[in-house]
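Here is what each chain is made of, one letter per residue.
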Amino acid sequence: MGLFLLKRFATLLGTLAAASVVVFAVLEILPGNAAQTLMGADADPEAVAQLSAQLGLDQPALHRYGQWISGLVQGDMGESHAYGTPVLELVQERLALTVPLALLAMALATVLALAAGVYAASRHNRLGDVGVMALAQLGIAIPNFWFAILLILLFSVQLQWFAAGGFPGWSEDSGGGLWPGLKALLLPAVSLAVVQAAILARTTRSAVLEVLREDFVRTARAKGLGQRAALWRHVLRNAMVPVVTVMGLQFANLLAGTIVVENVFYLPGLGRLIFQSIANRDLIVVRNCVMLLAAMVIAVNFVVDLCYGAIDPRVQARDL
C-alpha cells in the first residue's frame, strides 16, 4: 500500500508541475497587454510602460514563472490588477459558492444515477430498462445552460418558488443562511446534475450488467439471496470501479465547468470570476484560477486512484 501511495503521489506532483507550465505558457502567448487594458486604448505609452514595470510585466517570462510558483508554494497568489485586492481573498470568497454547488450537483447526480442504473440493469431489455435509457439519452442531449433557462422559466417565473438568480450568502448577518443559500443553489445544481446523472446511469447499468453475469452472483442467488439484496450488497460494490472513475471525472468537470451556469443564474462563483477576469484581461487572476481548477481536477483523480485500491485490492497488486 505504501509503494502504491508513493507512486500515485509522485504522479500527482509531476502532473501539477506540467499543468503549471502549460497554464503559464498559454496565457503568455495571448495578444494584448494588461497594463494597456487597465489604462485604456488612448493612454500615454509612457504611462503604460510605467504601469507594466510596476506590475512586473517587463520581466522575463522565466523569472515571472519562478516568482509565480514560489508565491503559490507560500500561499501568495499576488494581487489582482483589476480588483486591487489579493487574489487569494477573491478565490476563497468565490470557492465558498462553487464547491458547495459542485458537491450538491454531484450528490444529486449520484443518487439519481445509481438508482436509475441499477433499476435498468435489473430489468434488462424490459420496459423499465428501455424507459430509463431513453431518459438518459435525452438527458445527455440537453445542454445544461438550456435546461437551466427552462428551470428558471418554470420554477422562478411561473411558479415563483425560487429566485431567478443571485446568491444571498451563507451568513445570516447578510440576509442569507444555510437554507437560503442551499435554496439559491438548488436550481443550478439540478441543471448541472441532469447531464451528469444521465451519463453515470448508463455507466452504472453497463457495469452492473457485466457483474450480474459472474458466477458468484448466480451462486448467491442459488443459496436463496433475493434479487434486491444481491444487487445492492454484492453486485453494485463489484461494479463500482468504472462507476467511481466516471464519478471522479464528473466531479472534476463540475468544478471546472460551472462558468456558464453561474452566469445564467448570476452566481458570484469561481467560474464567474474567471469570466469577468478574462473580460478585464486580469491575467494574474485567470492564471491562478485556472491553475487552481487544474490542481483540483488532478487531486480528484488522485482520490479516485486511492478509491480504486480500497474497492478492489487487485488494483494495488497490478500497480506494484
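The protein chain has the name Peptide/nickel transport system permease protein in an unreviewed UniProt entry, where Simplicispira metamorpha is given as its organism. The annotation that UniProt attaches to the protein chain under Sequence similarities (unreviewed entry) is "Belongs to the binding-protein-dependent transport system permease family."

(A) Local environment of the overall build of the protein chain. From N to C terminus, the protein chain includes 15 helices and zero strands. Within the span of the protein chain, comprising 320 residues, buried residues form 41% of the whole.

(B) Broad picture of unusual backbone geometry. One non-glycine residue with positive phi stands out, namely Asn-125, at about 65°. Following the sequence through the fold, Asn-125 ends up in the loop between helix H5 (87-122) and helix H6 (127-141). For Asn-125, a relative accessible area of 61% corresponds to the exposed category. We note that Gln-160 has phi near 60°; this positive angle belongs to a residue other than glycine.

(C) Broad picture of the UniProt feature "transmembrane region" (unreviewed entry) in the protein chain. Under the present numbering, the feature "transmembrane region" (unreviewed entry) in UniProt falls on residues 95-120, 132-157, 177-200, 239-261 and 290-311. Helix makes up 100% of residues 95-120 and strand 0%. Its end C-alpha atoms lie 36 Å apart. Along residues 132-157 one finds 92% helix and 0% strand; the C-alpha atoms at either end are 29 Å apart.

(D) Spotlight on the packing of H5 against helix H13 (residues 270-280). Direction vectors running N to C along H5 and H13 enclose 135°, while the axes themselves pass 7 Å from each other. Regarding the angle of H5 to H13, the classification is oblique. Listed contacts from H13 to Leu-90, Val-91, Arg-94, Leu-95 and Thr-98 of H5 are Leu-270, Gly-271, Arg-272, Leu-273 and Gln-276. Each residue belonging to the contact of H5 with H13 can be placed in one class, and the counts come to five nonpolar, three polar and two charged.

(E) Layout of the nonpolar core. Judged by nonpolar contacts, the single largest core of 58 residues is most densely connected at Val-91, Leu-101, Val-208, Phe-265, Leu-270, Val-285 and Cys-289. Secondary-structure elements contributing two or more residues to this core are H5, helix H7 (144-158), helix H8 (178-212), helix H10 (227-238), helix H11 (240-256), H13 and helix H14 (283-311). For this core, the leading source of residues is H5, giving 14 residues. Sequence-distant contacts of Phe-265, that is, excluding residues within four places in its chain, are made with Ala-148, Ile-152, Ala-164, Gly-165, Gly-166, Leu-187, Pro-188 and Ser-191. One finds Phe-24, Trp-68, Val-286 and Met-291 within the second-largest nonpolar core, a separate group that totals 11 residues.

Parameters and conventions
Along each chain, the written sequence defines residue order, and numbers are assigned to residues from 1. Owing to the predicted nature of the model, reporting of local features is limited to residues with pLDDT of at least 70; listing and counting of side-chain atom pairs is limited to 80 or more, with chain, interface and lining totals taken over all residues. To get the side-chain values, all heavy atoms of the structure are used, and hydrogens and water are removed first. UniProt positions are given in the numbering used here, feature names are shortened, and annotations may be inferred rather than shown by experiment. Here a helix means four or more residues in a row that DSSP labels H or I, a strand means two or more in a row labelled E, and each is numbered from the N terminus. Whether a residue is buried, partly exposed or exposed follows from its accessible area with a 1.4 Å probe, protein chains only, as a fraction of its type maximum: under 20%, in between, or over 50%, in that order. To obtain an axis, a line is fitted to C-alpha atoms, over the contacting stretch when the element is a helix, and the angle between two such axes runs from 0 to 180 degrees between their N-to-C directions. We call two directions roughly parallel when the angle between them is under 35 degrees, roughly antiparallel when it is over 145, roughly perpendicular when it lies between 65 and 115, and oblique otherwise. The contact criterion used throughout is that any non-hydrogen atoms of two residues lie within 4.5 Å. Under this grouping Gly is polar, as are all residues other than the nonpolar Ala, Val, Leu, Ile, Met, Phe, Trp, Tyr, Cys and Pro and the charged Asp, Glu, Lys and Arg. Residues grouped as a nonpolar core are buried Ala, Val, Leu, Ile, Met, Phe, Trp, Tyr and Cys residues, joined through side-chain atoms within 4.5 Å.

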